[in-house]
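# Report on the structure
Listed below are the residues making up each chain.
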Amino acid sequence: MKPKLLKTKIKLENDRVLLLPFEDKRNEELQEIIFDKEIWEFMGMSINNEQGFKNYISKTIKDKNNGLCYPFLVIDKLTNKVVGSTRYGNINTANQKCEIGWTWYGTEFQGTGINKACKYELLKYGFEKIGFRRIQFSADKENLRSLKAIENLGAKKEGVFRNNYIAPNGESRTDVYFSIIKNEWIAIKEERFSEFETY
């Protein structure tokens, strides 16, 4: 495994998306799409004003600097718009694993193919360059859109974690966990992501 790569400026791209390190000055463009309540329904947080946006930016960068995650800005190459954010989180170098998540997109960019293109780059770099042996995903059990998207990546459902996080309204929420492991990746890449392999 090469954890030192997580200390560098990682730039990932294909024909559909460009992923830049979250510290890029373009993170300010997130403000144009971030205040839609629908985005935060299952995220365990809510951002609804300028101060909340500033706190989100600073906390994300702080968590990266503390080695807790590696966040990205997601840019739609068809429009050159910043359309959301995602990250490698729960990074555990000792056990060579992480979670891809904390992903959100502006509502107008959901269901456009951006998520699949984004996840392909993260999985490929995570397994083939960094050397993770396990990459996991999770979503609220009621977030049917995200659950379906994770299944479509070829990830295997592993279990249900009850009372796994607390929503902004104080309610305990349940998550479903999935994973892809390193020795499954090549077959999944060929089966699920063949359209990106020519890039």
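So, a few notes on the structure that sits alongside this text. Counting of residues starts from 1 at the beginning of each chain's written sequence and follows it residue by residue. Under the rules for a predicted model, residues below a pLDDT of 70 receive no local features and side-chain atom pairs below 80 are neither given nor counted, while totals for whole chains, interfaces and linings still include all residues. No hydrogens and no water enter the side-chain calculation; it runs on all heavy atoms of the structure.

In this description a helix means any DSSP run of H or I spanning at least four residues, a strand means any run of E spanning at least two, and both kinds are numbered starting from the N terminus. One less than the residue count of a helix, multiplied by 1.5 Å, gives the span that helix is expected to have. With 17 residues, helix H2 (residues 114–130) extends 23 Å from end C-alpha to end C-alpha; this agrees with the ideal 24 Å at 1.5 Å per step. Here H2 has its buried residues at Ile 114, Ala 117, Cys 118, Lys 119, Tyr 120, Glu 121, Leu 122, Leu 123, Tyr 125, Gly 126, Phe 127 and Ile 130. Just past H2, the residue Gly 131 takes up positive phi, approximately 95°. Relative accessibility thresholds used throughout: buried, under 20% of the residue-type maximum; exposed, over 50%; partly exposed, between the two (1.4 Å probe, protein chains only).

The topology assignment puts Ile 135 in strand E6 (residues 134–140). Spatially, the C-alpha atom of Ile 135 lies 18 Å from that of Ile 10, the residues being 125 residues apart in sequence. With residues up to four places along the chain from it excluded, the contact list for Ile 135 reads Cys 98, Ile 100, Leu 123, Gly 126, Phe 127, Phe 178, Ser 179 and Ile 180. Should any heavy atoms of two residues lie within 4.5 Å, those residues are counted as being in contact.

We now examine the packing of aromatic side chains. We describe a pair of aromatic rings using the distance from one ring centre to the other and the angle between the two ring planes. Here is the rule: rings of Phe, Tyr and Trp (six-membered ring for Trp) pair when centre to centre is within 6.5 Å. Planes less than 30 degrees apart are stacked, more than 60 are edge-to-face, and the remainder are tilted. Enumeration over the complete set of coordinates arrives at 15 aromatic pairs. Between Tyr 120 and Trp 185, the ring centres sit 6.4 Å apart and the planes meet at 35°, which makes this aromatic pair tilted. You can see Tyr 120 sitting in helix H2 and its partner Trp 185 sitting in helix H4 (residues 182–192), a full 65 residues away along the chain. Across this residue pair, the class does not change: Tyr 120 and Trp 185 are buried. Our definition puts a charge over a ring when NZ of Lys or CZ of Arg is within 6 Å of the ring centre and also within 35 degrees of the ring normal. Sitting over the ring of Tyr 70, Lys 64 keeps its end group 4.1 Å from the ring centre.

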